[in-house]
Amino acid sequence: SQYSAVDTNPLSVYIMQPIWNKIIKIVPLWIAPNLLTFSGFVMILFNYFLISFYDWDYTASGTSPGLVPTWVWLFSAFTTFCAYALDSIDGKHARRTQSSTPLGELFDHGLDSWATSIFVLSFFSVCSRDNGKTGVSVYTMYIYLSIVLFNFMCSHWEKYNTGVLFLPWGYDISQVVLIAAYLLTGTVGVEVWQKPLLFGYYITDVLVILLIGFSLFLSFPQTLYNIHRAHLKKTLKNDSLYEGLLPLVSPLLLFILLTVWVVLSPSNILAKQPRLFLWMVGVTFSNVICKVIICQMSGTRPELFHWFLFPLALVVYAAISGLLGGTEEAVLGVFTALVTAAHVHYGVCVGRQLSEHLNIYIFSLKKRVQE
């Protein structure tokens, strides 16, 4: 299907797009667009692991402010800006080199679906977790991450039904806020997050309130409105309500299972291993959403139950029933490693299949020689 996206965000249209149009001119024409996309993703990953190294349990900013070196925050601002830029110019570069393909679209959105959670998980190191005085509780982190992923899912569920990707306003705003937050932390220090800003509210409170407000009162109603408008114009891709709602079943079940584990975990798994647990949330979500993106692109029906749900349900049952006992953390570790490996394997396989099918290389503009 022909790719179509609509961007109405004034920040994007008037400020960022002119910047990207200047940057794109420096990119050599022999570079493959997917290489830009992938480079941005690798930078986000590298940055995430760097922060994790200094702040594994999200306590550094709250308890010992100097633990994460200043250069790490400045490097975070730099990598976030680069990833944002690369993600914004890859499509332009593809049109410029006349190499737009469904593989490129899938590659872009598939990596975005994973990067979305990694951005959020890196940002939590700035706020630090609740230490009684300042910081954000691990439950707030879980809810915050879930809302961001819910937003991402909405725009692709909308595309599944309307055929058009309305780029959420939150995207550009969140990237600019992230870069600003890292720069602020790097220049002023993490202490800035631990002093009340207005009326006893902290910056982090304000950001959480803004995020929830944006999602529930702007993004989600916009999604429903766009689907409703397509319904009136008779341009909906799916005739029945069942077909239209089908992609939402697995993500919702995923969220329910994860939340049950968080709430009923005997060892309070989220508080014990927030980084591991939230990483696993991001990976499982990304895999579920990638399936929806592929179905939307290929005009096929998504399966009702994503296969990740079955092992997850077993693990959650074993955990909350007390079967796992003291091994709950270890089992979370193993499960996280397995779903991450499965997700990477899935991505590699889909990429290879598509590159063979379309007769192109993923990271090169050279054409494949026909066998």
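Conventions and cut-offs
Residues numbered from 1 in each chain as written. Predicted model: local features only at pLDDT ≥ 70, side-chain atom pairs only at ≥ 80, totals over all residues. Heavy atoms only, no water. UniProt positions renumbered as here; feature names shortened; annotations may be inferred. Phe/Tyr/Trp six-rings, centres within 6.5 Å; stacked < 30°, edge-to-face > 60°. Lys NZ or Arg CZ within 6 Å of the ring centre and 35° of its normal. Helix = DSSP H or I, 4+ residues; strand = E, 2+ residues; numbered from the N terminus. Buried < 20%, exposed > 50% of the residue type's maximum accessible area, 1.4 Å probe, protein only. Expected span 1.5 Å × (residues − 1). Bend = angle between axes of the 7 residues up to and from the residue. Contact = heavy atoms within 4.5 Å. Polar contact = N/O pair within 3.5 Å; in protein donor to acceptor, adjacent residues only side chain to side chain.

As annotated in an unreviewed UniProt entry, the protein is Ethanolaminephosphotransferase 1 from Mohoua ochrocephala. Taken directly from UniProt, the Sequence similarities (unreviewed entry) text for the protein runs: "Belongs to the CDP-alcohol phosphatidyltransferase class-I family." If you open the UniProt record of the protein and go to Subcellular location (unreviewed entry), you find "Endoplasmic reticulum membrane".

Our next topic: the packing of aromatic side chains. What the rule picks out here adds up to 26 aromatic pairs. The interplanar angle of 65 degrees and the centroid separation of 5.4 Å between the aromatic rings of Tyr48 and Phe49 together place this pair among those described as edge-to-face. One aromatic cluster in this structure is built from Phe41, Tyr48, Phe49, Trp114 and Trp279. Its guanidinium or amino end placed over the ring of Tyr58, Arg275 lies 4.1 Å from that ring's centre, counting from NZ or CZ.

So, about the environment of Leu252. Position of Leu252 among the secondary structure elements: in helix α9 (residues 241–264). Overall, the relative accessible area of 45% leaves Leu252 in the partly exposed class. Taking C-alpha positions, Leu252 is 9.3 Å from Phe150, a pair spaced 102 residues apart along the chain.

Before going further, it helps to spend a moment on helix α1 (residues 10–23). Residues spaced three or four apart along an α-helix face the same direction, because each turn holds 3.6 residues. With 14 residues, α1 should reach 20 Å at 1.5 Å per residue; the first-to-last C-alpha distance of 19 Å fits that figure. Considering bend angle alone, the principal kink of α1 is centred on Met16 and spans about 45 degrees; proline Pro18 follows within four residues of it. Buried within α1 are the following residues: Ser12, Met16 and Trp20. Turning to α1, the residues buried within the fold contact α4 (70–96) and α7 (169–188). Between the side-chain oxygen at the start of α1 and the backbone nitrogen of Leu11 there is a gap of 3.1 Å, and the oxygen is on Asn9.

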